[in-house]
Amino acid sequence: MKALITRKVGMTSTIAEDGVVTAVTLLSASPCVITQVKTVDTDGYTAVQLGAEETKLVGKALTGHFKASAAANNTKMMPKIVREFRIDEITEDLKVGEKISADIFESGDEVTVTGLTKGKGWAGTIRRHNFHRQRATHGGKGNTRKPGSIGSMYPQHILKGKKMAGQLGHEQVTIQGLKVAFVDMENNLIAVTGAVPGPRKGIIILKGAK
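Residues numbered from 1 in each chain as written. Predicted model: local features only at pLDDT ≥ 70, side-chain atom pairs only at ≥ 80, totals over all residues. Heavy atoms only, no water.

Colleague: Run through the overall build of the chain, naming residues and quoting values.
Modeller: Scanning the chain from terminus to terminus reveals four helices and 12 strands. A globule of 210 residues ought to have a C-alpha radius of gyration of about 17 Å, yet the chain, at 23 Å, is considerably larger. Principal-axis analysis of the C-alpha atoms gives the chain an extent of 75 × 50 × 35 Å. Per-residue burial for the chain yields a buried fraction of 31% across its 210 residues. Restricting the contact set of the chain to residue pairs at least 6 apart, pairs at least 24 apart contribute 72%. Taken as a whole, the chain presents about 13800 Å² of accessible surface, with 50% of it coming from carbon and sulfur. (Helix = DSSP H or I, 4+ residues; strand = E, 2+ residues; numbered from the N terminus. Rg over C-alpha atoms; globule rule 2.2 N^0.38 Å. Buried < 20%, exposed > 50% of the residue type's maximum accessible area, 1.4 Å probe, protein only. Contact = heavy atoms within 4.5 Å. Areas by Shrake-Rupley, 256 points an atom, 1.4 Å probe, with all protein chains shown as cover.)

Take a look at the structure:
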């Protein structure tokens, strides 16, 4: 299974031998621990639950849930971030307590990244949907930045999905077709070509392309 919970470090660039410069995003890929293995018999589907980073601030329910993985690694620390990954089949190496590190990826692997984009708060239609201003000369309606007509005589209500003012950013975005530029096991870093959604230190889900 090629999947990791990472954090975005920032962007840099690599220079090839022929002088080609490629923009890459660095992802901090500390080892993830398998906290649960779901099967068709027990849960109705196959999936693996991974935990990343460590903390002691978890409730009693999660302490019991992570008890098996913590015991396997002989630690009292619990994972801070937990994500679930659907897989086709459960293999023998996928056991509770096993660690998955950055070396599951190699340079040239095609990957899919998922993250939350930067939240930019409440925004009007001009900034959010790239609307034009209304004219400010003769015949203008006063406020040149308002969206204009949002409905009609029929069906006498605003249709769902109408482009209006609202929350800008802070939405889950998945980017496919990126490639691993290099893997630095010494510093637990994975470099991915191109841009990755989200701010620095944001959680990024890295998966092998289907």
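Colleague: Go over the sheet that holds strand E1 (residues 3-15), please, and point to the residues and values.
Modeller: Taking strand neighbours around the barrel as the criterion, the six strands line up as E1-E2-E11-E10-E7-E12 in a closed arrangement whose pairing is antiparallel. Between one strand axis and the next, the sheet turns through 50 degrees on average, direction left out of account. With five bridges connecting them, strand E7 (residues 110-116) and strand E12 (residues 203-208) associate as antiparallel partners. Bridging across to E12, valine 111 finds its partner in glycine 208. (Pairing = 2+ DSSP bridges. Axes fitted to C-alpha atoms, helices over the stretch in contact; angles between N-to-C directions.)

Colleague: Tell me about the side chain of threonine 114, and please be specific about residues and values.
Modeller: Within the secondary structure, threonine 114 sits in strand E7. For threonine 114, a relative accessible area of 11% translates into the label buried.

Colleague: Help me get a handle on the side chain of threonine 46, residues and values and all.
Modeller: Position of threonine 46 among the secondary structure elements: in the loop between helix H1 (40-43) and strand E4 (47-55). Given a relative accessible area of 16%, threonine 46 falls into the buried group. Polar contacts involving the side chain of threonine 46 include one to the main-chain carbonyl oxygen of isoleucine 87, which spans 2.5 Å. Ignoring sequence-local partners within four residues, the contact set of threonine 46 consists of Lys38, Thr39, Val40, Arg86, Ile87, Asp88, Glu89 and Ile90. (Polar contact = N/O pair within 3.5 Å; in protein donor to acceptor, adjacent residues only side chain to side chain.)

Colleague: Go over unusual backbone geometry with me, naming the residues and quoting the values.
Modeller: In the Ramachandran plot, glutamine 156 falls in the positive-phi region, its phi being about 65 degrees despite a non-glycine side chain. Counting through the fold element by element, glutamine 156 comes out in the loop between helix H4 (125-129) and strand E9 (166-167). Under the relative-accessibility criterion, glutamine 156 is labelled exposed at 67%. In this model, histidine 170 sits at a positive phi of 55 degrees, which is unusual for a non-glycine residue. Structurally, histidine 170 can be placed in the loop between E9 and strand E10 (172-184).

Colleague: Just give me the short version of the packing of aromatic side chains, but keep the residues and values in it.
Modeller: Across all of its chains, the model carries zero aromatic pairs by this definition. We note arginine 86 situated over the ring of tyrosine 45; from NZ or CZ to the ring centre the distance is 4.0 Å. (Phe/Tyr/Trp six-rings, centres within 6.5 Å; stacked < 30°, edge-to-face > 60°. Lys NZ or Arg CZ within 6 Å of the ring centre and 35° of its normal.)

Colleague: Break down the pairing of strand E2 (residues 21-28) for me, with residues and values.
Modeller: As paired strands, E1 and E2 are joined by eight bridges and run antiparallel to one another. Residue pairing for E2: threonine 12 is matched across the bridge by valine 24. Between the end of E1 and the start of E2, which pair antiparallel, lie five residues, with glycine 19 showing a positive phi angle near 90 degrees. Pairing geometry for E2 and strand E11 (residues 189-193), over five bridges, is antiparallel. Following the sheet pairing, threonine 25 is matched in E11 by valine 192.

Colleague: Give a description of the environment of valine 192 that names residues and reports values.
Modeller: With respect to the secondary-structure elements, valine 192 resides in strand E11. Through-space distance from the C-alpha of valine 192 to that of leucine 94 is 25 Å; in sequence the pair is 98 residues apart. Not counting residues up to four positions away in its chain, the partners in contact with valine 192 are Ala23, Val24, Thr25, Leu27, Val111, Leu178, Lys179, Ala181 and Leu206.

Colleague: Before we move on, could you go through the sheet that holds strand E6 (residues 99-100) and cite the residues and values that matter?
Modeller: Across the sheet, four strands lie side by side as E5-E4-E3-E6; this open sheet has antiparallel pairing. Every interior strand has two partners, whereas the edge strands, strand E5 (78-86) and E6, have only one.

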